[in-house]
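Listed here are the chains, written in short residue letters.
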Amino acid sequence: MTTQTVPDRTPLARKSRRISRTAVLLVGVVLIPMALTVAFNSYGALTVDGAIRMAFATVAGQTVAILSALACLVLTVKRRYAWPAVVAFAIITALITLGALGTIASAGDTLLNRLDIIADVERLNN
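Residues numbered from 1 in each chain as written. Predicted model: local features only at pLDDT ≥ 70, side-chain atom pairs only at ≥ 80, totals over all residues. Heavy atoms only, no water.

A. A look at the overall build of the protein chain. A count of helices and strands for the protein chain gives three helices and zero strands. In the protein chain, the succession of helices and strands from N to C terminus is α-α-α. Here the C-alpha atoms of the protein chain give a radius of gyration of 25 Å, more than 25% beyond the 14 Å that 2.2 N^0.38 yields for 126 residues. Viewed in the frame of its principal axes, the protein chain has a C-alpha envelope of about 105 × 35 × 15 Å. For the protein chain, buried positions account for 21% of its 126 residues. Contacts in the protein chain between residues at least 24 apart in sequence constitute 71% of all its contacts with a sequence separation of at least 6. Averaging the locations of the 12 positively and 6 negatively charged side chains of the protein chain gives two centres separated by 27 Å. (Helix = DSSP H or I, 4+ residues; strand = E, 2+ residues; numbered from the N terminus. Rg over C-alpha atoms; globule rule 2.2 N^0.38 Å. Buried < 20%, exposed > 50% of the residue type's maximum accessible area, 1.4 Å probe, protein only. Contact = heavy atoms within 4.5 Å. Lys, Arg positive; Asp, Glu negative; His and termini not counted. Charge placed at Lys NZ, Arg CZ, Asp CG, Glu CD.)

Written out as structure tokens, the structure is:
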């Protein structure tokens with residue numbers, strides 16, 4: 001009797017798609033904060049609601065930027081890049097975080113200035 005050989009039919013492993021660190025930085029640090037600012041901008045007369053909405057959009061966008069930078073740092077460490085790459089992304093994360101915190105503080109100052117302007121206009125109108 002002859003036996004037939006059965007070919008080994010192991011399923012091919014799908015190659016997982018890696019998320020690019022550059023894409024995460026671009027989307028998280030530039031595109032999402034810009035989209036939030038454009039979406040929640042007050043295009044009409046300045047009101048209290050509009051001023052608060054713009055300040056919160058700025059804070060939300062900068063929070064996303066900080067989280068995106070941290071995600072890139074985690075991706076760099078998790079993928080076991082060489083230590084110069086880890087140090088470089090740690091510095092990039094620190095710079096983005098410091099810039100974002102400065103922007104958040106500036107958004108608070110801008111909100112107070114806008115609320116003062118609104119109060120002055122209302123006082124002049126009455």
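B. Expanded view of the packing of helix 1 (residues 21-39) against helix 2 (residues 48-78). Two numbers describe how helix 1 lies on helix 2: the axes approach to 8 Å, and their chain directions differ by 175°. As judged from the angle between their axes, helix 1 and helix 2 are roughly antiparallel. Here Arg21, Val24, Leu25, Gly28, Val29, Ile32, Pro33 and Leu36 of helix 1 lie close against helix 2, whose contacting residues are Ala57, Ala60, Gly61, Gln62, Val64, Ala65, Ser68, Ala69, Ala71, Cys72, Leu75 and Thr76. Looking at the contact of helix 1 with helix 2, its residues break down into 14 nonpolar, five polar and one charged. (Axes fitted to C-alpha atoms, helices over the stretch in contact; angles between N-to-C directions. Parallel < 35°, antiparallel > 145°, perpendicular 65-115°, else oblique. Nonpolar A, V, L, I, M, F, W, Y, C, P; charged D, E, K, R; others polar.)

C. Representation of the packing of helix 1 against helix 3 (residues 83-125) within the structure. Direction vectors running N to C along helix 1 and helix 3 enclose 5°, while the axes themselves pass 13 Å from each other. As far as their axial angle goes, helix 3 and helix 1 are roughly parallel. Taken together, the residues of helix 3 that come into contact with helix 1 (itself represented by Arg21, Leu25 and Val29) are Phe89, Ile92 and Ile96. Grouping the constituent residues of the contact of helix 1 with helix 3 by class yields five nonpolar, no polar and one charged.

D. Geometry of the packing of aromatic side chains. The final tally for this structure, using the stated rule, is zero aromatic pairs. One residue, Arg21, lies across the ring of Tyr81, its end atom 4.1 Å from the ring centre. (Phe/Tyr/Trp six-rings, centres within 6.5 Å; stacked < 30°, edge-to-face > 60°. Lys NZ or Arg CZ within 6 Å of the ring centre and 35° of its normal.)

E. A look at the environment of Arg114. Considering the arrangement of structural elements, one finds Arg114 in helix 3. Along the backbone, Arg114 and Arg21 are 93 residues apart, and their C-alpha atoms lie at a distance of 37 Å. Setting aside residues no more than four positions away along its own chain, Arg114 makes contact with Leu46, Ala51 and Met54.

F. Structural detail: the pattern of salt bridges. A full pass over the atoms with the stated rule returns one salt bridge. With a closest N to O distance of 2.3 Å, Asp120 and Arg123 form a salt bridge. Placement of the pair is Asp120 and Arg123 together in helix 3, with a separation of three residues, close to one helical turn. On the basis of relative accessibility, which here comes to 58%, the residue Arg123 falls in the exposed class. (Salt bridge = Lys/Arg side-chain N within 4 Å of Asp/Glu carboxyl O.)

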